[in-house]
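Chains, contacts and geometry: an overview
Chain residues, written in single-letter form:
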Amino acid sequence: MEREYLALSVIAFVAYSLVAPLLKVAMETVPSTMAVFLSNTIMLGLLGGLLLYQGVSPRPYLSHPKTPHIVAWGALLAIGLLAYYRALELGPVSVVVPIYGLFIAVSSIIGIVALEESLTVRNGLGIVFAVLAVVLMSL
């Protein structure tokens, strides 16, 4: 279980790899805003069911000191998803997804700068190559 995060990362990668192609097909006839609403309603229902199953109540977290961070994250997530879905509706998956994927490199940089995470030569090169890959794929 020490490296459970690796298995979960692979599951997330596989699941999320299917999101953009499925969205692109759906948004041929479903507006992007409605797609965001419907997909997130499903997500909310699944998460609510998981919390019920685990016997966890959200009430104690409504006044938690970190709740403002979660509220800000929720607002940024909504803005990001609305823009991402609309971009997928208007443009090709092969261009939109790599540009969107830059969040990985930028989040890594923020982690290094703001959260004082370590920067190794390998991490630095990974960030540089990720940005280069996005540029090459989006041209």
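Residues numbered from 1 in each chain as written. Predicted model: local features only at pLDDT ≥ 70, side-chain atom pairs only at ≥ 80, totals over all residues. Heavy atoms only, no water.

Here we come to the nonpolar core. Across soluble globular proteins, you tend to see nonpolar side chains buried next to one another. In this structure, A20, L23, M27, A35, V36, L81, Y84, Y85, L88 and V96 together form the largest nonpolar core, which totals 10 residues. Of all the secondary-structure elements, those providing two or more residues to this core are α2 (19-26), α3 (32-54) and α4 (67-90). (Core = buried A, V, L, I, M, F, W, Y, C linked by side-chain atoms within 4.5 Å. Buried < 20%, exposed > 50% of the residue type's maximum accessible area, 1.4 Å probe, protein only. Helix = DSSP H or I, 4+ residues; strand = E, 2+ residues; numbered from the N terminus.)

UniProt tags residues 6-23, 35-56, 68-88, 95-115 and 121-138 as "transmembrane region" (unreviewed entry). Along residues 6-23 the backbone is 94% helical and 0% strand, and the end-to-end C-alpha distance reaches 26 Å. (UniProt positions renumbered as here; feature names shortened; annotations may be inferred.)

To continue, consider the layout of surface pockets. Approximately 1,200 Å³ is the volume found for the largest pocket. Every residue lining the largest pocket is counted, 30 residues in all, and those nearest its centre are F13, Y16, S17, Y100 and F103. Among the elements of the structure, α1 (4-17), α2, α3, α4, α5 (93-100) and α6 (102-114) are those that each provide at least two residues to the lining of the largest pocket. The element best represented in the lining of the largest pocket is α4, accounting for seven residues. Split by residue class, the lining of the largest pocket holds 23 nonpolar, seven polar and no charged. In terms of lining residues, the second largest pocket is bounded by M43, L44, L47, G48, L51, Y61, L62, T67, I70, V71, W73 and L77. Put simply, the parts of the chain that give the lining of the second largest pocket at least two residues each are α3 and α4. (1 Å grid on protein atoms, 1.4 Å probe; cavity = no way out; pocket = protein on both sides within 12 Å on 5 of 7 lines; lining within 4 Å. Points joined across faces, edges and corners; volume = space filled by probe spheres on them. Nonpolar A, V, L, I, M, F, W, Y, C, P; charged D, E, K, R; others polar.)

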